[in-house]
Amino acid sequence: MPAVSELFGEVAAAVRANADELTELDRAIGDGDHGLNLRRGFDAVAGLGPELDAMPVGKALQKAGMTLVMKIGGASGPLYGSLLMGIGKALPETPALPDFADALQAGVDAVRQRGKSEAGDKTMLDVLAPVCEALRDGVARSLPASRLLDDVAAAAGLGLESTRALVARKGRASFLGERSAGHLDPGARSSQLIVETVCTRLRGGP
Ligand SMILES: [Mg+2]
């Protein structure tokens, strides 16, 4: 396992590299601040650096989640914060792979509650829910790590694509009604980007 600070460093770099795209997606059906917001938040988390590695991974994820809540305005701070804090709280001090699957479920449930939304509403949950399902399924079937990571990344990609046809039922995009269809959801895209970045890094070995 790479260090938590290294993973967040890679996530922050991916968000930075794709911030303009996130902003464009949000401009189409929201208010156009998603790229800037996420960039500010994940840069702050990456800036915590070795402080994150000095604590158990669960505590580090909670710290990262709190940092996102403090640094990101709008809806995405509390939602991504709930995800990371939910995962972090559910992890035992020295987690094994099945613990991560259970903890991700807890994190996704926290996002559901915070956003009062479900998969199908054209939100980040359209990526996170199938990702969680793929992880739990792969763990239950004892898939080899590389296959498991491929499946999880593929689930994220399919989930993201599914948002294009959906009409938004939550968030600012829902004000557009039917006109929100035909666009990818920016929160789903940032979630897919983060999942893909983590999977790629984990697939690459230590
Ligand atoms: Mg926005």
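One can find the structure itself at the top, above this paragraph.
Keep in mind that what you see is a predicted model, and the values were worked out from it rather than measured. (Residues numbered from 1 in each chain as written. Predicted model: local features only at pLDDT ≥ 70, side-chain atom pairs only at ≥ 80, totals over all residues.)

Trainee: An account of helix 6 (residues 76-90) is requested, with residue identities and associated values reported.
Mentor: The end-to-end C-alpha distance of helix 6, which contains 15 residues, comes to 21 Å, matching closely the 21 Å that a straight helix rising 1.5 Å per residue would cover. Burial of helix 6 is extensive: 13 of the 15 residues sit out of reach of the surface. (Helix = DSSP H or I, 4+ residues; strand = E, 2+ residues; numbered from the N terminus. Expected span 1.5 Å × (residues − 1). Buried ≥ 20, exposed ≤ 12 C-beta atoms within 10 Å, placed from the backbone.)

Trainee: Could you give an account of the packing of helix 3 (residues 34-48) against helix 5 (residues 57-71), naming the residues involved and the relevant values?
Mentor: Interaxial distance between helix 3 and helix 5 falls to 9 Å at its minimum, and their mutual angle equals 140°. Taken together, the axes of helix 3 and helix 5 lie oblique to each other. The handedness of the crossing between helix 3 and helix 5 comes out as right-handed. Across the interface between the two elements, Arg40, Gly41, Ala44, Val45 and Leu48 from helix 3 touch Lys63, Ala64, Thr67, Leu68 and Lys71 from helix 5. Along the lines of polarity and charge, the residues of the contact of helix 3 with helix 5 split into five nonpolar, two polar and three charged. (Axes fitted to C-alpha atoms, helices over the stretch in contact; angles between N-to-C directions. Parallel < 35°, antiparallel > 145°, perpendicular 65-115°, else oblique. Left-handed = near helix turned anticlockwise from the far one by under 90°. Contact = placed C-beta atoms within 7 Å. Nonpolar A, V, L, I, M, F, W, Y, C, P; charged D, E, K, R; others polar.)

Trainee: Break down the environment of Leu143 for me, with residues and values.
Mentor: By secondary structure assignment, the location of Leu143 is in the loop between helix 8 (125-140) and helix 9 (145-165). A residue is classified by how many C-beta atoms lie within 10 Å of it, and Leu143, with 17 of them, is partly exposed. The residues contacting Leu143, other than those within four sequence positions of it, are Gly138, Leu148 and Asp151.

Trainee: Lay out the nonpolar core with the relevant residues and their values.
Mentor: One finds Phe8, Leu128, Val131, Val152 and Val195 to be the most contacted residues of the largest nonpolar core, which totals 57 residues. Ranked by the residues each element gives to this core, the list is headed by helix 8, at eight residues. Residue contacts for Leu128: discarding those within four places in its chain leaves Val108, Val111 and Ser191. (Core = buried A, V, L, I, M, F, W, Y, C linked by C-beta atoms within 7 Å.)

Trainee: Break down helix 2 (residues 19-29) for me, with residues and values.
Mentor: Turning to helix 2, its buried residues are Leu22, Thr23, Leu25, Asp26 and Ile29. Each buried residue of helix 2 sits inside an arc of 160° when the element is viewed along its axis, so together they form one side. Tucked into the core, helix 2 has its buried residues touching helix 3 and helix 10 (186-203). (Arc of directions from axis to C-beta.)

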